[in-house]
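# Summary of the model geometry
Each chain, letter by letter, is given below.
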Amino acid sequence: MDTAVVILAAGLGTRMKSKRAKVLHGAGGRALVEHVVQAARAVATPDRIVVVTGHQAGEVEALLAPTGVQFARQIEQKGTGHAVLCARKKLKRHDGLLMVLYGDTPLLSGATVRALYETQASIKTASKAAATLITTTLTDPTGYGRVILNERGGVEAIVEHKAATPAQLEVRLINSGIYCFRADLLWKHIAEIEPNNPARELYLTDMAAILNKHGHRVQQFHLADSSELLGINTRVELAEVDRILRARKTRELMLAGVTIERPETVTVDPQVRVGSDTLIEPFVRLLGNTSIGEECRIGQGSILESAALAHHVTIAPYTLIADSRIDPGAQAGPFSRIRMDAQVGPEARVGNFVELKKTRLGAGSKSQHLAYLGDSDIGERVNIGAGTITCNYDGEKKHQTKIGAGAFVGSNSTLVAPVDIGAESYVGAGSVITNNVPAKALALGRQRQVLKLDWATNRKKKVSKKKPQ
Ligand code: UD1
Ligand code: CA
């Protein structure tokens, strides 16, 4: 059956107390509305999904454009019923099923959306029910619309929390905001919704009573497990949903063979891949499209964003890696910073307080302590002494440093780029290198040491002569 989905995402979300539209807030590494679009894909192709946008429509549409969904604007937010009306023009000649999802229920799974669709579409009930909606029973139903049943167990009406009588407030059966309508009946009667509530909004939930009035049946699809249906209205709920989504991801990784210590402290974005027998220590963040090979170790407090780690890589604690690659058997950290297209070659080592920016460190090379290596191409088996700095910036432009295979750069050297250090050459400790160093040469760029023998003894004598007796 022809099925379309309308996702409501136009509201600001007053209770978030934010300048940003609610559906743009993130949980589990994605914006709320992205999760809902993902769930909608279980029943419709992107061209049959219409997202209703309003607050920060431009941002929401830009975010979702790559998914290929359609958009309809709701300029003024006059309620959930009005929002569905705004999507109508995008759904011409549509007389199959129309599902409505709210952009602020990110835990909803595709399987549940599919099950709702099948309940409404099944031949047995199709002729009887005009709509099916997902309900659940909550211990604390505060804020949700209450579902009022008739004697036959059908849905008679949905009463919003604010409009409910004390008796209705006792009802713990709630409306999840996930509906499957017969499109013909929805469009035929939707104009009958009236703004008869304090907010003067058009509530989509009024459709239940309207369809009943016309002799149609509305049925519930009751979910015993309400965990998927949590709607986000405040930042407290946002944090709760984030926790649940993060736990799903770490659990998935653990079941696939990754060891995670204290998983409740570890943050992993949805796209991240981790190989088996890799160990992740507490408080690690793996973000973007980071990928990690097998048998790696990611030290406590490290943050990896769009990093590509091969197999057998060791990252010691508190290391930052962004948009960079670490080859097999390499080691980095503790406290290293590797960024902007840097590459740590096979078996290479980067130690504490070493920063690599747009720099390739060749196979087996080492920079173990206190260095800045920027815009550099460093060959294999190179030793970079502690405190080495590449001066890559002249105040206007960035310049390259090249260091050939097997070179030895002494501690506290300053390499003023552009400069080439030849293969197998030596740079004496404390040198300032401004000219190229040929292969196999020794370069010294420092003051020769001056020695004054017995200087201290003589000084003491002078001082004691001057002292009055
Ligand atoms: C809504 C339901 C309530 C249900 C709850 C489930 C109504 C009137 N109430 O309440 O029965 O229990 O969801 O979570 O539908 N939106 C628009 N345009 C508007 C208004 C809202 O696009 O004019 C969007 C919002 O961006 C949001 C969604 O619709 O994503 C739901 O709106 P919200 O204000 O959060 O509704 P609730 O009060 O939670
Ligand atoms: Ca809500």
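Placed above this text is the structure.
Our subject in this report is the structure included herewith. (Residues numbered from 1 in each chain as written. Chains lettered and ligands numbered in written order. Predicted model: local features only at pLDDT ≥ 70, side-chain atom pairs only at ≥ 80, totals over all residues. Heavy atoms only, no water.)

### What about the coordination of the calcium ion (ligand 2)?
The calcium ion (ligand 2) binds to the protein through Asp104 (OD) and Asn233 (OD1), with metal-donor distances spanning 2.3 to 2.6 Å. On the criterion of sequence distance, the pair formed by aspartate 104 in the loop between strand 6 (97-102) and helix 4 (110-121) and asparagine 233 in the loop between strand 11 (217-223) and helix 9 (235-255) is long-range, its members being 129 residues apart. Judged on exposure class, the residue aspartate 104 and its partner asparagine 233 are both buried. (Donors = N, O, S within 2.8 Å, 3.2 Å for Na, K, Ca; no water. Helix = DSSP H or I, 4+ residues; strand = E, 2+ residues; numbered from the N terminus. Buried < 20%, exposed > 50% of the residue type's maximum accessible area, 1.4 Å probe, protein only.)

### Regarding the packing of aromatic side chains
Considering all chains together, one arrives at 5 aromatic pairs under this definition. Members of the aromatic cluster, joined through ring pairs, are Tyr102, Tyr179 and Phe181. Sitting over the face of the ring of tyrosine 393, lysine 398 holds its NZ or CZ atom 5.2 Å from the ring centroid. (Phe/Tyr/Trp six-rings, centres within 6.5 Å; stacked < 30°, edge-to-face > 60°. Lys NZ or Arg CZ within 6 Å of the ring centre and 35° of its normal.)

### A look at helix 9
For helix 9, built from 21 residues, the straight-helix expectation of 30 Å at 1.5 Å per residue is met to within 8% by its first-to-last C-alpha distance of 30 Å. Taken together, the buried positions of helix 9 are occupied by Leu238, Val241, Leu245, Arg246, Lys249, Thr250 and Leu253. Considered in projection along helix 9, the buried side chains sweep an arc of 165° and stay on one side of the axis. Across helix 9 from its buried face, at more than 90 degrees, point the exposed residues Val236, Arg251 and Leu255. In the core, the buried residues of helix 9 are packed alongside strand 2 (26-27), helix 1 (32-40), strand 12 (259-260), strand 13 (267-268) and strand 14 (273-274). Of the residues flanking the end of helix 9, it is glycine 257, one or two places downstream, whose phi is positive at about 105°. (Expected span 1.5 Å × (residues − 1). Arc of directions from axis to C-beta. Contact = heavy atoms within 4.5 Å.)

### Quick word on the pairing of strand 1 (residues 3-9)
For strand 1, the tally of buried residues reaches 7 of 7 residues, placing the bulk of the element in the interior. Side chains Thr3, Val5, Ile7 and Ala9 of strand 1 all project onto a buried face; the interleaved residues Ala4, Val6 and Leu8 project onto the opposite face, where all are buried too. As paired elements, strand 1 and strand 6 share 6 bridges and run parallel to each other. The partner of threonine 3 across the bridge, within strand 6, is leucine 97. Pairing of strand 1 with strand 4 (residues 49-53) involves 5 bridges; the strand directions are parallel. (Pairing = 2+ DSSP bridges.)

### Description of the site of ligand 1
Contacts to ligand 1 come from 23 residues, most closely from Gln74, Gly79, Tyr102, Glu160 and Asn175. A distance of 2.7 Å separates a nitrogen atom of ligand 1 from a polar side-chain atom of glutamine 74. Tyrosine 102 is positioned with one of its side-chain polar atoms (N or O) 2.7 Å from an oxygen atom of ligand 1. Within the complex, 90% of the 760 Å² of free accessible area of ligand 1 lies under protein. (Near = heavy atom within 4 Å. Polar contact = N/O pair within 3.5 Å; in protein donor to acceptor, adjacent residues only side chain to side chain. Areas by Shrake-Rupley, 256 points an atom, 1.4 Å probe, with all protein chains shown as cover.)

### Examining unusual backbone geometry
Cis geometry marks the peptide bond from glycine 333 to proline 334, where omega comes out at 0°. When you line up the elements, proline 334 lands in the loop between strand 24 (331-332) and strand 25 (337-339). With omega at 0°, the peptide bond leading from alanine 417 into proline 418 counts as cis. We note that histidine 312 has phi near 55°; this positive angle belongs to a residue other than glycine. When you line up the elements, histidine 312 lands in the loop between strand 20 (308-309) and strand 21 (314-315). Overall, the relative accessible area of 44% leaves histidine 312 in the partly exposed class. Residue glutamate 347 is not a glycine yet carries a positive backbone phi of 60°. Following the sequence through the fold, glutamate 347 ends up in the loop between strand 26 (343-344) and strand 27 (349-357).

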